[in-house]
Amino acid sequence: MLVLLRDGRKLIGVLRSYDQFANLVLEDTVERVHYQDAYGDIQRGVFVIRGENVVLLGEVDLDREDELPLVPVPLEEVIPLYREEVEQKKQRENVKAKVLYEKHGFSREGGEGDGY
């Protein structure tokens, strides 16, 4: 199974259990870190995921996975590039949030009016 989490992480593992709240238990889990067409895998083992953090859940087609133009690289090469990309994305999101707050009256993430 491939699981995309709310924080952007991508987990690949064997689905062992789930419940009515979409809580999941994955076994032999790896966290896949992408940068452009390169990726590295971080071994995570057994992973328990709270359902509210699941954005996307899907089956991995092992036959088609081999056809993807992705290149496995050592984790040490892809991690710094990935972290830089995440930091740039975070900065862009902060700029957008500031504009929405100041010019259009939106509430800030986690701020007043953002509770449920």
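Residues numbered from 1 in each chain as written. Predicted model: local features only at pLDDT ≥ 70, side-chain atom pairs only at ≥ 80, totals over all residues. Heavy atoms only, no water.

Novice: Hey, could you go over unusual backbone geometry for me, with residue numbers and the actual values?
Specialist: Phi is positive for Ala-22, which is not a glycine, with a value near 70°. Following the sequence through the fold, Ala-22 ends up in the loop between strand S2 (10-18) and strand S3 (24-35). (Helix = DSSP H or I, 4+ residues; strand = E, 2+ residues; numbered from the N terminus.)

Novice: Could you give me a rundown of the pairing of S3, with the residues and numbers involved?
Specialist: Judged from the seven bridges that link them, S2 and S3 form a sheet pairing that is antiparallel. Each bridged residue has a counterpart across the sheet, and for Tyr-18 the counterpart in S3 is Leu-24. Two successive antiparallel strands, S2 and S3, enclose a turn made up of five residues, where Ala-22 displays a positive phi of approximately 70°. Strand direction decides the pairing type here: S3 and strand S4 (residues 38-49), joined by ten bridges, are antiparallel. For Leu-24, the partnering residue across the bridge sits in S4 and is Ile-49. In sequence, S3 turns back onto S4 through a hairpin of two residues, with Gln-36 there showing a positive phi of about 55°. (Pairing = 2+ DSSP bridges.)

Novice: Provide a residue-level description of the pattern of salt bridges, including the pertinent values.
Specialist: For side chains bearing opposite charge, pairing can occur when the charged atoms are close. The final tally for this structure, using the stated rule, is six salt bridges. Between Arg-16 and Glu-27 there is a salt bridge, and its shortest N-O distance comes to 2.7 Å. You can see Arg-16 sitting in strand S2 and its partner Glu-27 sitting in strand S3, a full eleven residues away along the chain. Under the relative-accessibility criterion, Arg-16 is labelled exposed at 53%. (Salt bridge = Lys/Arg side-chain N within 4 Å of Asp/Glu carboxyl O. Buried < 20%, exposed > 50% of the residue type's maximum accessible area, 1.4 Å probe, protein only.)

Novice: Can you tell me about the environment of Val-46, naming the residues and giving the values?
Specialist: Among the structural elements, Val-46 can be located in strand S4. Taking the C-alpha atoms as reference, Val-46 lies 6.0 Å from Asp-28; in sequence the two are 18 residues apart. For Val-46, the contacting residues outside a window of four places in its chain are Val-25, Leu-26 and Glu-27. (Contact = heavy atoms within 4.5 Å.)

Novice: Can you tell me about the side chain of Arg-32, naming the residues and giving the values?
Specialist: Within the secondary structure, Arg-32 is located in strand S3. Looking at Arg-32, the relative accessible area reads 14%, which means it is buried. A distance of 2.8 Å separates the side chain of Arg-32 from the side chain of Asp-41, its partner in a polar contact. Setting aside anything within four residues of it in sequence, one finds Arg-32 in contact with Lys-10, Ile-12, Tyr-39, Gly-40, Asp-41 and Glu-65. (Polar contact = N/O pair within 3.5 Å; in protein donor to acceptor, adjacent residues only side chain to side chain.)

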